[in-house]
Structures are given as structure tokens and as C-alpha cells.
Amino acid sequence: MNKLELQKCANEVRKGIVTAVHSAKAGHPGGSLSAADIFTYLYFEEMNIDPKNPDKEDRDRFVLSKGHTAPGLYSAMANRGYFPVEDLTTLRKLGSYLQGHPSIHIPGVDMSSGSLGQGISAAVGMALSAKLRGCDYRTYTLLGDGEIQEGQVWEAAMFAGHRKLDNLVVIVDNNGLQIDGSVADVCSPYPIDKKFEAFNFHVINIDGHDFDAIKAAFDEAKATKGQPTAIICKTVKGKGVSFMENNVSWHGTAPNDEQYAQAMADLEKIGAELEKAGE
């Protein structure tokens, strides 16, 4: 996909996020929207995956360490063809396979997650397993900037750096906000890049909404040998929806009918602008 195609795809992923959370009347739109471009690039461009064969042995692995942003993961997976987009409206509903946090029972989900700090440990284990077995697959994990306040994150990072797991890419969605407010005020994780460097990571800082920068970062990660890579993505919480952007109250709040209509209107406008740009 070219940059414009990726932007259009990410906009569809955002529509799916808003629709799923609105239908569920619960969920986490803010961090799902901030990471939508990352989800899009991973699932449509970066990872070696096959929705028709989700368990193929040589597939790349992905662990959503910040599991509460499952609406973003599910929307990307649905748009990629793992399951019908229409199923997003069943999020969190009784009998639905789309639980509030990712479950390994969903085809294409490599690890159940949601207890913050634990996903990266599972990803490190997957990367180590590939090294020990001589497998070529790569492992990716997405963390929140609030999540990295968890000590287990740094235990996993220390191990990954020590074992030189250059088949591991840790992505931090640095949108600056967590459930209680600014991450800098709650318990500052800054400087994030220097912390990962101290654990022997190759670190790349990018704009997490710029697909050129995202592509360059993942290409650089693949070329990096002898170190795991951390990509620190500066993002906007609630990206794409005017009243959600940089608004901490949308960390874990579902839009009502009126707000849903406004959110979809915002995203439709973005979609129209992208279509015009492609003419």
C-alpha cells in the first residue's frame, strides 16, 4: 500500500473503533484511536501474516500489551479479513467472541492480554523461542506510555536487551495521557527513549501518525542486528475525532448516540478529504 492507501485504511479502522465502542456502550476509544495508524501499518504492511491461515507456523507474532485498546486491534483485524467487520458491533456483548480484552481464542490473536505490563513479557518469550528454535518470525508488541510505569515492563526489557533479541520490536504509544491524567503528572516515564537505551535497545523516536516515518522506523528495526528495537511513537489520544483528541475523559468512555454521529461525521470528512487528495 502507498501512503494514501494506508491513510484511508487507518480511517476505516478508526470508524470500526468508534462503532464497536458505541455499540458496546463500553470500552477504550482514546488509546485505540491514537494507535490506529500503528495497527494499520502492522496488519496491512509490516507483518508476515495470513488471515486465511492465522496459525501458520512462520507468521510474525503480535502481542497487544495494552490490552484495553482491543477495539483498535479488532478493527484492524476485521478490516484485514480475519473476521467480518460487521462483528465489531458485538464487542463485549454476551456470547460474542470479541471480549473486552484480546483473547487467544480469537483466530489471529497470539496472546491473551489486558493485565498491564505482562504482554511485553510474553512477547519477549516468543522472540526468545524463535531464536532458540532457529525460526525467522519476528515479534511485535504495543505498549501504552502509562503502562510502562509497571515494573514488569523493565524486567522484560532488561532480559530482551541482555539476550540481544533483534527479532523483537517494542512499540510505545506515547499519547501522553492515561486514565488519571497526564502520564507526566501521574508518574512520569520520561525520558522514555533513554530508559530503553539503558537496557540495550536500539531506539527510534517518530510521529506515530506519519506513515513515512512509521515505514522508515520498521525498516530500520529490521536492519538492526544484535539489539531489540523500541519505536517510541508520539501520538494524539483520540486521533481523528475532534472532541476526543487530547481529552483524557475519553480514555475509557463510550460515545452516546449524538456523540457517535459527530465522531462518524468527523471521520467521514477525513475520508472525503483523502479521496479528494487521491484524485
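In the block above lies the structure referred to throughout.
To start, this report covers the structure provided alongside it. What you see is a predicted model; the values in this text were computed from it and never measured. (Residues numbered from 1 in each chain as written. Predicted model: local features only at pLDDT ≥ 70, side-chain atom pairs only at ≥ 80, totals over all residues. Heavy atoms only, no water.)

### Focus on the packing of helix α1 (residues 3-24) against helix α4 (residues 70-80)
Here's step 1: Between α1 and α4, whose axes approach to 8 Å, the crossing angle comes to 125°. In terms of axis orientation, α1 runs oblique to α4. Of the two possible hands of crossing, α1 and α4 adopt the one that is right-handed. For the pair α1 and α4, the contacting residues are E12, V13, G16, I17 and V21 in the first and P71, G72, S75, A76 and N79 in the second. (Axes fitted to C-alpha atoms, helices over the stretch in contact; angles between N-to-C directions. Helix = DSSP H or I, 4+ residues; strand = E, 2+ residues; numbered from the N terminus. Parallel < 35°, antiparallel > 145°, perpendicular 65-115°, else oblique. Left-handed = near helix turned anticlockwise from the far one by under 90°. Contact = heavy atoms within 4.5 Å.)

### Remarks on the packing of helix α3 (residues 36-46) against helix α9 (residues 211-223)
Two quantities define a packed helix pair, namely the angle between the axes and the distance from one axis to the other.
Here's step 1: Two elements in contact, α3 and α9, have axes separated by 11 Å at closest approach and are oriented at 55°. Overall, the two elements α3 and α9 adopt an arrangement that is oblique. For the element pair α3 and α9, the recorded crossing hand is right-handed. Here α3 contributes D37, T40, Y41, L42 and E46 to the contact with α9, which in turn contributes F211, I214, K215, F218 and K222.

### A closer look at the sheet that holds strand β3 (residues 168-174)
Here's step 1: With parallel pairing, the 5 strands of this open sheet are ordered in space as β1-β2-β3-β7-β6. Looking at the sheet topology across the chains shown, the edges are occupied by β1 (61-64) and β6 (202-207). Recorded for the sheet is a direction-independent mean angle of 20° between the axes of neighbouring strands.
Here's step 2: Across 4 bridges, β1 lies against strand β2 (residues 139-144) in parallel orientation. (Pairing = 2+ DSSP bridges.)

### Remarks on the packing of aromatic side chains
Here's step 1: Inspection of the entire model under this criterion finds 10 aromatic pairs.
Here's step 2: Ring centres of F83 and Y97 lie 5.6 Å apart, and the angle between their planes is 85°; this geometry places the pair in the edge-to-face category. Here the residue F83 occupies a position in the loop between α4 and α5 (119-133), and Y97 occupies one in the loop between α4 and α5, the gap between them amounting to 14 residues.
Here's step 3: We classify F83 as buried; its relative accessible area is 9%. (Phe/Tyr/Trp six-rings, centres within 6.5 Å; stacked < 30°, edge-to-face > 60°. Buried < 20%, exposed > 50% of the residue type's maximum accessible area, 1.4 Å probe, protein only.)

### Some words on the pattern of salt bridges
Here's step 1: Considering all chains together, one arrives at 15 salt bridges under this definition.
Here's step 2: A salt bridge links E268 to K15; the shortest N-O distance between them is 3.3 Å. Of this pair, E268 sits in helix α10 (residues 257-277) while K15 sits in helix α1, and the two are 253 residues apart along the sequence.
Here's step 3: One salt bridge in this structure joins D166 and K131, with 2.5 Å as the shortest N-O distance. With a gap of 35 residues between them, D166 in the loop between α6 (151-162) and β3 and K131 in helix α5 connect regions that are remote in the sequence.
Here's step 4: The class for D166 is buried, based on a relative accessible area of 14%.
Here's step 5: Members of the salt-bridge network, linked through shared partners, are K3, D210 and D212. (Salt bridge = Lys/Arg side-chain N within 4 Å of Asp/Glu carboxyl O.)

### Considerations on the nonpolar core
Here's step 1: Residues L42, Y43, F62, F83 and F218 are the most contacted members of the largest nonpolar core, which totals 56 residues.
Here's step 2: Ignoring sequence-local partners within four residues, the contact set of Y43 consists of I49, F62, L73, A76, M77, R80, Y82 and G108.
Here's step 3: Residues V153, V172, F201 and I232 belong to the second largest nonpolar core, which totals 26 residues. (Core = buried A, V, L, I, M, F, W, Y, C linked by side-chain atoms within 4.5 Å.)

### A word on unusual backbone geometry
Here's step 1: Cis geometry marks the peptide bond from Y190 to P191; its omega dihedral reads -5°.
Here's step 2: Even without being a glycine, R92 presents a positive backbone phi close to 65°.
Here's step 3: Locating R92 in the fold gives a position in the loop between α4 and α5.
Here's step 4: The exposure class of R92 is partly exposed, given its relative accessible area of 37%.
Here's step 5: A positive phi is found at N200, a non-glycine position, where the angle reads about 70°.
Here's step 6: Position of N200 relative to the elements: it lies in the loop between α8 (192-198) and β6.

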